[in-house]
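Inside the fold
Here's the letter readout for the chains.
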Amino acid sequence: MNPESIAAQFNAPGQVVTVMNIDTGNVNDTYRVIKRTTYSEIQFVLQRISQAVFPRPDLVMANMKAITDYAHRRLEEQSSRSNRIWQLPLVIPTYSGEDYHLDDQGGYWRALSMIASATSHETVISPEHAHEAGYVLGHFQSVIADFPADQLVDTLPGFHIAPRYLAQYDETLESDAAQQRLSASSEARRLRAFVEERRGFVTVLEDALARGELAYRPIHGDPKISNIMIDDITGKGTAIVDLDTVKPGLIHYDFGDCVRSVCNPAGEEARDLKDVFVDVDIFEALVSGYLKQAGNFLTDSDRKYLYDSARLISFELGLRFFADYLAGDVYFKVKYESQNLNRARVQMKLCESIEVRESKLRRVLESIE
Ligand code: GN1
Ligand code: MG
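Cut-offs applied
Position labels on residues start from 1 in each chain and follow its written sequence. All chains are assigned letters beginning at A, and all ligands numbers beginning at 1, according to the order in which they are written. The predicted origin of the model limits local features to residues at a pLDDT of at least 70 and limits the giving and counting of side-chain atom pairs to 80 or more, whereas totals for whole chains, interfaces and linings rest on all residues. Hydrogens are left out, water is left out, and the side-chain values use all remaining heavy atoms of the structure. Both cavities and pockets are sets of points on a 1 Å grid over the protein atoms alone; in a cavity a 1.4 Å probe fits but cannot get out, in a pocket the set is open with protein on both sides within 12 Å along at least five of seven lines, and lining residues sit with an atom within 4 Å of a point. Grid points are joined across faces, edges and corners, and a volume is the space filled by probe spheres set on the points. Helix and strand labels come from DSSP, where a helix needs a run of H or I of at least four residues and a strand needs a run of E of at least two; each type is numbered from the N terminus. Residues were grouped as follows: Ala, Val, Leu, Ile, Met, Phe, Trp, Tyr, Cys and Pro as nonpolar; Asp, Glu, Lys and Arg as charged; and all remaining residues, including Gly, as polar. Take the buried residues of types Ala, Val, Leu, Ile, Met, Phe, Trp, Tyr and Cys, join any two whose side-chain atoms come within 4.5 Å, and each joined set is a nonpolar core. When accessible area is computed with a 1.4 Å probe and restricted to protein chains, residues below 20% of their type maximum are described as buried, those above 50% as exposed, and intermediate ones as partly exposed. Domains are outlined according to an automatic or database domain assignment. We call two residues in contact whenever any of their non-hydrogen atoms come within 4.5 Å of each other. By buried area we mean how much accessible surface two parts lose on assembly, using a 1.4 Å probe and totalling the loss over both. Salt bridge, as applied in this entry: a Lys or Arg side-chain nitrogen positioned within 4 Å of an Asp or Glu carboxyl oxygen. Whenever two N or O atoms come within 3.5 Å, that pair is a polar contact, provided that in protein one can donate a hydrogen and the other can accept it, and provided that, for residues adjacent in sequence, both atoms are side-chain atoms. The length a helix should cover is 1.5 Å for every residue beyond the first. Coordination partners: N, O, S within 2.8 Å of the metal, 3.2 Å for Na, K and Ca; water not considered, so apparent gaps in a site are possible. The rule for a residue being near a molecule or strand is that one of its heavy atoms must lie within 4 Å of it.

For the second largest pocket, the calculated volume is near 400 Å³. As for the second largest pocket, its lining consists of 18 residues, of which Tyr165, Gln168, Arg320, Asp324 and Tyr331 are closest to the centre. Secondary-structure elements contributing two or more residues to the lining of the second largest pocket are helix 4 (162-173) and helix 11 (306-327). By residue number, the principal contributor to the lining of the second largest pocket is helix 4, which donates 5 residues. Tallied by class, residues from the lining of the second largest pocket come to 11 nonpolar, 3 polar and 4 charged.

If you look at the biggest cluster of nonpolar residues, it comprises 102 residues, and the most contacted ones within it are Tyr169, Phe255, Val262, Phe283 and Phe322. With 13 residues, helix 11 is the largest single contributor of residues to this core. Looking at which domains feed residues into this core, each of domain 1 (1-114) and domain 2 (117-369) supplies at least three. Among residues more than four places away in sequence, those in contact with phenylalanine 255 are Leu137, Phe283, Leu286, Val287, Tyr290, Leu306, Ser309 and Leu365.

What follows covers the domain arrangement of the chain. According to the domain assignment, the chain consists of domain 1 (1-114) and domain 2 (117-369). Computed over C-alpha atoms, the centres of domain 1 and domain 2 are 25 Å apart. Counting residues at the interface gives 31 residues for domain 1 and 37 residues for domain 2. Summed over both sides, the interface of domain 1 with domain 2 buries roughly 2800 Å², with 58% coming from carbon and sulfur. The largest share of the area that domain 1 buries against domain 2 comes from Asn26, Ile67 and Trp86, three residues that together contribute 24% of it. The interface formed by domain 1 and domain 2 contains 4 salt bridges. We note a salt bridge from aspartate 244 to arginine 110, for which the minimum N-O separation is 2.7 Å. Remark: the boundary between domain 1 and domain 2 carries 15 residue pairs in polar contact (both at pLDDT 80 or more). The dominant element in the side of domain 1 that touches domain 2, judged by the number of residues it contributes, is helix 2 (residues 57-78), at 12 residues.

Attention now goes to helix 9 (residues 280-294). Relative to the 21 Å expected for 15 residues at 1.5 Å per residue, helix 9 spans 20 Å between its end C-alpha atoms, a close match to the ideal helical length. Counting buried positions along helix 9 yields 11 of 15 residues, so the element is predominantly enclosed. As for helix 9, its buried residues are in contact with helix 3 (127-144), helix 8 (251-262), helix 10 (300-304) and helix 13 (358-367). With a side-chain oxygen positioned 3.0 Å from the backbone nitrogen of aspartate 281, the residue opening helix 9 is aspartate 279.

Right, let's talk about the coordination of the magnesium ion (ligand 2) for a bit. The magnesium ion (ligand 2) binds to the protein through Asp222 (OD) and Asp242 (OD), with metal-donor distances spanning 2.0 to 2.1 Å. Highlighted residues: aspartate 222 in the loop between strand 8 (217-219) and strand 9 (228-231) and aspartate 242 in the loop between strand 10 (237-240) and strand 11 (247-249), separated in sequence by 20 residues.

Now for the site of ligand 1. Asn26, Lys224, Glu268, Arg320 and Tyr331 are the nearest of the 17 residues found near ligand 1. For ligand 1, an oxygen atom lies 2.8 Å from a polar atom in the side chain of arginine 320. Going through the elements one at a time, helix 8 and helix 11 are the ones with two or more residues in the shell around ligand 1. Class assignment for the residues of the shell around ligand 1 results in 7 nonpolar, 3 polar and 7 charged. Composition of the shell around ligand 1 by domain shows at least three residues from each of domain 1 (1-114) and domain 2 (117-369).

If you want it as structure tokens, here you go:
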């Protein structure tokens, strides 16, 4: 597999100059491609879809094509009334007209247009940045709100269903490999106890859904800070990328995920737990941006569970990282030995900080219209 020759399969003018690995994302492999003609150049994003995570990459691409076609149409319809130029990546087909290229080792590759003159960040840089992250998420949710759910295939069953992650974790705990990792690490044992104390809380959103207090809508699924593009010219949010996980779900999964990723200033790869906490001012900025867009479609009941979603999604991601560490790093890519353990420690510390600041965070949620 040679990324240069793969890049050349996609329908974009010019010859491939270079393919650079972009060290981002915990699941897919991502590259930046430069192609040049005799008069200009084009850059695009090339990705190999993780088959450890997505058993049917062809369906991931069918979803992505359907969603982006729909959302591009909506963005164009809105453009003359809009306060900015909203963007979304476009699926670039292969020369044979497919949404992906299958390499000779069975790997699935796709090409996506680049959101140019825009930057994403791994950690929050200012309250304004957090405001834009919330605004971009709320806008995306509103754009896809009426997308017909029956046009999407569920390519990741159980995604963001916290009780299912807990059940998988319980199963993993039984294995010898997990027991060995637990006996070798006091931090792993501390996390196990942390999880035990919160078992009852894990069903909070799914119970509300079952009672009919909450309902499914199309969601992004992965609105973390590094998926939010900020326009270099205006400083405003311009796009949300990484549309692998768009599907019907609770908007709370998105809100919680955005909070856990934006409001921890140290970011999810922090090494020192004392740097990890929920920043209430950043939270306030995020919520105010989010509600400017989402305020129209959120019900009172939706609002009631926003705090819980921030706490739960931090916990859930901690649990997912921890279970993957115990299982031997089969889902999330790692660069060093105990990276998934460390990532789990960060999310659990964040969850704890969200619990400690509960009344402040709730006050913010109640004070913003
Ligand atoms: C994974 O690969 P990436 O970074 O887009 C994961 C998300 C996690 C995130 C944490 C399909 O997303 O759910 O929140 O890592 N994506 C999937 O960084 O599991
Ligand atoms: Mg993703």
